[in-house]
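This is what each chain is made of:
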Amino acid sequence: MHGAQPDKPVALRRRSLTRAALALVVIACGLSLRWYGFPLGLPAFVVKYGGSLLWATMVFLLVGVLLPGMSRSRLAAIAVAIAIAVEFSRLVHAPWLDAFRLTTAGALLLGRIFSLWNLVAYAVGIAFGVWIDGLVGWAKAR
């Protein structure tokens, strides 16, 4: 059967590995932006929302690593759900959760302050992830 989504295990493994590599590149870009953006003189808007955009791109790619046979639109829907859940989780305050958010890992994974603008950045980041994933050309048989 011919389709846009190959069902061969080797092709799915290759797809997952490629997405994982892309996710690592996005993570490196996001960390670089957060750590070096201000020293390089980038505006706060670019550092803050660029990081959020790249975080959402990473989420999309990692969902794709876990579910390599799923369509990009479904991966995007799952990534949007995760992003919304994480953003709204910032409205939940428990001592252990707030303590985790104060760590570097907690700030990078969950963030600290709720912002509806983050949802916009996440939507753009997920669209960027869909675009990057499309550039790889999964629809072509290899």
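The rules behind each value
Position numbers for residues start from 1 in each chain and track the written sequence from start to end. In view of the model being predicted, local features appear only for residues whose pLDDT reaches at least 70, and side-chain atom pairs are presented and counted only at 80 or more, with totals across whole chains, interfaces and linings using the full set of residues. Note that water and hydrogens are dropped before the side-chain values are worked out from all heavy atoms of the structure. UniProt positions are given in the numbering used here, feature names are shortened, and annotations may be inferred rather than shown by experiment. Going along the chain from the N terminus, every DSSP run of H or I of four or more residues is numbered as a helix, and every run of E of two or more is numbered as a strand. We call two N or O atoms a polar contact when they sit within 3.5 Å, provided that within protein one can donate a hydrogen and the other can accept it, with sequence-adjacent residues counted only if both atoms are side-chain atoms. Buried residues are those whose accessible area, probed at 1.4 Å on protein chains only, stays under 20% of the maximum for their type, while exposed residues exceed 50% and partly exposed ones sit between those limits. Like-charged residues within 9 Å of one another, or nonpolar side chains (Val, Leu, Ile, Met, Phe, Trp, Tyr) within 5 Å, are grouped into patches, provided each residue has over 30% relative accessible area and no salt bridge. The Shrake-Rupley method, run with a 1.4 Å probe sphere, supplies the accessible areas, and residue values consider only the shown protein chains as cover. Any Lys or Arg side-chain nitrogen found within 4 Å of a carboxyl oxygen on Asp or Glu counts as a salt bridge. Here, the term nonpolar core denotes a set of buried Ala, Val, Leu, Ile, Met, Phe, Trp, Tyr and Cys residues that are joined through side-chain atoms within 4.5 Å. It only takes one pair of heavy atoms within 4.5 Å for two residues to be counted as in contact. Put simply, two rings from Phe, Tyr or Trp (the six-membered ring, in Trp's case) pair if the centres are within 6.5 Å, and we call them stacked under 30 degrees between planes, edge-to-face over 60, tilted for the rest. Every axis in this analysis is a line fitted to C-alpha atoms, fitted for helices over the stretch in contact. Angles between the N-to-C directions lie between 0 and 180 degrees. Any angle between 65 and 115 degrees counts as roughly perpendicular, while under 35 counts as roughly parallel, over 145 as roughly antiparallel, and the rest as oblique. Left-handed is the label given to a crossing in which the near helix is rotated counterclockwise from the far helix by less than a right angle, and right-handed is the label when the rotation is clockwise. Asp, Glu, Lys and Arg are counted as charged, while Ala, Val, Leu, Ile, Met, Phe, Trp, Tyr, Cys and Pro are counted as nonpolar; the rest, among them Gly, fall into the polar class.

Remarks on the UniProt feature "transmembrane region" (unreviewed entry) in the chain
The UniProt record annotates "transmembrane region" (unreviewed entry) at residues 20-37, 49-68, 75-96 and 116-139. Taken end to end, residues 20-37 has its terminal C-alpha atoms 24 Å apart, with 94% of it in helix and 0% in strand. Secondary structure over residues 49-68 splits into 90% helix and 0% strand, and the C-alpha atoms at its two ends are 28 Å apart.

Here we look at the side chain of Glu-87
Of note, Glu-87 is situated in helix α3 (residues 72-89). Here Arg-90 takes part through its side chain, which lies 2.6 Å from a polar atom of the side chain of Glu-87.

Observations regarding the environment of Thr-18
Secondary-structure assignment places Thr-18 in helix α1 (residues 9-36). By relative accessible area, which is 26% here, Thr-18 ends up partly exposed.

Digging into a nonpolar patch on the surface
A cluster of nonpolar residues, Trp-35, Tyr-36, Leu-40, Leu-42, Phe-45 and Val-46, forms a patch on the protein surface that exposes about 680 Å² of accessible area. Within the residue set of the nonpolar patch, elements represented by two or more residues are α1 and α2 (44-66). Along the chain, Leu-40 falls in the loop between α1 and α2.

Observations concerning the nonpolar core
Counting residues in hydrophobic clusters, the biggest one holds 21 residues, and the most contacted among them are Trp-55, Val-59, Phe-60 and Ile-126. Put simply, the parts of the chain that give this core at least two residues each are α1, α2, α3 and α6 (116-136). No other element matches the eight residues that α2 contributes to this core. Ignoring any residue separated from it by four or fewer positions in sequence, one finds Ile-126 in contact with Ala-56, Thr-57, Phe-60, Ala-76, Ala-79 and Val-80.

Side note on the packing of aromatic side chains
Taken as a whole, this structure holds four aromatic pairs when the rule is applied. An angle of 50° between the planes, with centres 5.2 Å apart, marks the rings of Phe-45 and Tyr-49 as tilted. Of this pair, Phe-45 and Tyr-49 both sit in helix α2, separated by four residues, roughly a single helical turn. Residue class for Phe-45 comes out exposed when judged on its relative accessible area of 60%.

Things to note about the packing of α2 against α3
Their axes nearest at 9 Å, the elements α2 and α3 cross at an angle of 130°. In terms of orientation, α2 lies oblique with respect to α3. Classified by chirality, the crossing of α3 by α2 is right-handed. Across the interface between the two elements, Trp-55, Val-59, Phe-60, Val-63 and Gly-64 from α2 touch Arg-72, Leu-75, Ala-76, Ile-78, Ala-79, Ile-82, Ala-83 and Val-86 from α3. For the contact of α2 with α3, a count of residues per class yields 11 nonpolar, one polar and one charged.

Focus on the packing of α1 against α2
Here α1 crosses α2 at 165°, and the two axes come no closer than 9 Å. With respect to their mutual orientation, α1 and α2 come out roughly antiparallel. At the point where α1 passes α2, the crossing takes the left-handed sense.

Here's the deal with the environment of Ile-84
Within the secondary structure, Ile-84 is located in helix α3. The class of Ile-84 is partly exposed, set by a relative accessible area of 38%.

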